[in-house]
Amino acid sequence: MPPPPLLPPPMSTSPAAQQAVAWLHTARFLTTAPRLEHLPDLEVPEIAFVGRSNAGKSTCINTLTQQKRLAFASKTPGRTQAINLFSLGKQGITDAVLADLPGYGYAAVPKADKIRWQQVMANYLVTRENLTGVVMLVDPRHGLTELDDILLEVIRPRVEQGLKFLVLLTKADKLNRSEQNKALSIARLQAGGGEVKLFSAPKRQGVEEASLLLWQWTHPEPEPEPDPS
Ligand SMILES: Nc1nc2c(ncn2[C@@H]2O[C@H](COP(=O)(O)OP(=O)(O)O)[C@@H](O)[C@H]2O)c(=O)[nH]1
Ligand SMILES: [Mg+2]
């Protein structure tokens, strides 16, 4: 008989990451809000996904939640001009929500619509009370664009007050190792010290890291009890 294998299984993942991945899989559609005033007031933490049209936002949400069509991966970018909310939580008990914000920067959208949606987005990012974190999807072949920078400026005061922030460089499978490293360092400079990670939907690269981060943002460890001595 051959000896039993001594190597760990190749996909060994931490229990915490496994729990986070399973948690994201509970995502279900909550509501769609064509305007900000249609958004329900929620007590649970909310994580917003933002990014230029075609950056890979829908694909990322579908990959993180392991659901094929939760976020509609549109063939006509720039057409999803509403905020879609998805609930997360086991046993049907919502403990966080994901917000899929309209993509920006699509050239064929009329200018007035663009400006209106930039305002809606800025408004959302500044005023949404339960907003806990923002995930910005960036295609590393283009890097952070002017609109991404504007959005960073909009949320900067909230980030300084504790809003969590992550840049995911999507489509990492299209870059070789050295291009990935270069894209990471450039984006880290542009994101002003914010967290930046690589992500690939087909390779599931970055899925566990991102899942764990979203879990931690929305389930912070309680503050340790003050030492009575
Ligand atoms: N190779 C590759 N293609 C991707 C990845 N993520 C998205 N795409 C493709 O990029 C295009 C835009 O993706 P989509 O999710 O609709 O972008 P959105 O407009 O930001 O929601 C689609 O053709 C996707 O198949 C990825 O990780 N790797
Ligand atoms: Mg989309």
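Further up the page is the structure itself.
Residues numbered from 1 in each chain as written. Chains lettered and ligands numbered in written order. Predicted model: local features only at pLDDT ≥ 70, side-chain atom pairs only at ≥ 80, totals over all residues.

Once that is clear, we can look at the overall build of the protein chain. Of regular secondary structure, the protein chain possesses 6 helices and 7 strands. When the helices and strands of the protein chain are read in sequence order from the N terminus, they spell out α-β-β-α-β-β-α-β-α-β-α-β-α. For the protein chain, the C-alpha radius of gyration of 19 Å lies close to 17 Å, the compact-globule estimate for 229 residues. Overall size of the protein chain, expressed as C-alpha extent along the three principal axes, is 70 × 50 × 35 Å. Put simply, the protein chain has 229 residues, and 34% of those count as buried. When contacts within the protein chain are restricted to residue pairs at least 6 apart in sequence, long-range pairs at least 24 apart make up 73% of them. (Helix = DSSP H or I, 4+ residues; strand = E, 2+ residues; numbered from the N terminus. Rg over C-alpha atoms; globule rule 2.2 N^0.38 Å. Buried ≥ 20, exposed ≤ 12 C-beta atoms within 10 Å, placed from the backbone. Contact = placed C-beta atoms within 7 Å.)

Although it is not a glycine, Gln66 sits at a positive phi angle of roughly 55°. For Gln66, the location among the structural elements is in the loop between helix H2 (57–65) and strand E3 (83–88). Accessibility expressed as a C-beta count within 10 Å gives 16 for Gln66, which makes it partly exposed. For Lys171, which is not glycine, the phi dihedral falls at a positive 55°. Within the secondary structure layout, Lys171 lies in the loop between strand E6 (164–169) and helix H5 (177–190). Residue Lys171 is classed as buried on the basis of its 21 C-beta neighbours within 10 Å.

Once that is clear, we can look at the sheet that holds strand E4 (residues 96–100). In space, the 7 strands of this open sheet follow the order E1-E3-E4-E2-E5-E6-E7, with mixed pairing throughout. Among the strands making up the open sheet, the edge pair consists of strand E1 (28–33) and strand E7 (195–198). Within the sheet, the average angular offset between the axes of one strand and its neighbour, ignoring direction, is 25°. Note: E1 against E3, 5 bridges, orientation antiparallel. Residue pairing in the sheet places Thr31 in a bridge with Leu85 of E3. (Pairing = 2+ DSSP bridges. Axes fitted to C-alpha atoms, helices over the stretch in contact; angles between N-to-C directions.)

This paragraph deals with the nonpolar core. With 53 residues, the main nonpolar core has Phe49, Leu98, Leu168 and Leu169 as its most contacted residues. If we skip the residues at most four places from it in the chain, Leu169 touches Val138, Pro140, Ala183, Leu184, Ala187, Val196, Leu198 and Phe199. (Core = buried A, V, L, I, M, F, W, Y, C linked by C-beta atoms within 7 Å.)

A word on the environment of Lys203. Mapping Lys203 onto the fold places it in the loop between E7 and helix H6 (207–218). Assessed through the 11 C-beta atoms surrounding it within 10 Å, Lys203 is described here as exposed. Placed 23 residues apart in sequence, Lys203 and Pro226 show a C-alpha to C-alpha distance of 44 Å.

This part covers H2. Within H2, 7 of the 9 residues are buried, which leaves it mostly tucked inside the rest of the structure. Within the sequence span of H2, burial applies to Lys57, Ser58, Cys60, Ile61, Thr63, Leu64 and Thr65. Contacts from the buried residues of H2 go to helix H1 (15–24), strand E2 (46–51), E4, strand E5 (131–138), E6 and H6. Just beyond H2, the residue with positive phi is Gln66, at close to 55°.

Next up on the list: the environment of Val207. Here Val207 shows up in helix H6. What makes Val207 buried here is the crowd of 21 C-beta atoms within 10 Å. Put simply, Val207 and Asn130 are 77 residues apart on the chain and 24 Å apart in space, counted from C-alpha to C-alpha. When neighbours within four sequence positions are excluded, Val207 is seen to be in contact with Val21, Thr63 and Leu64.

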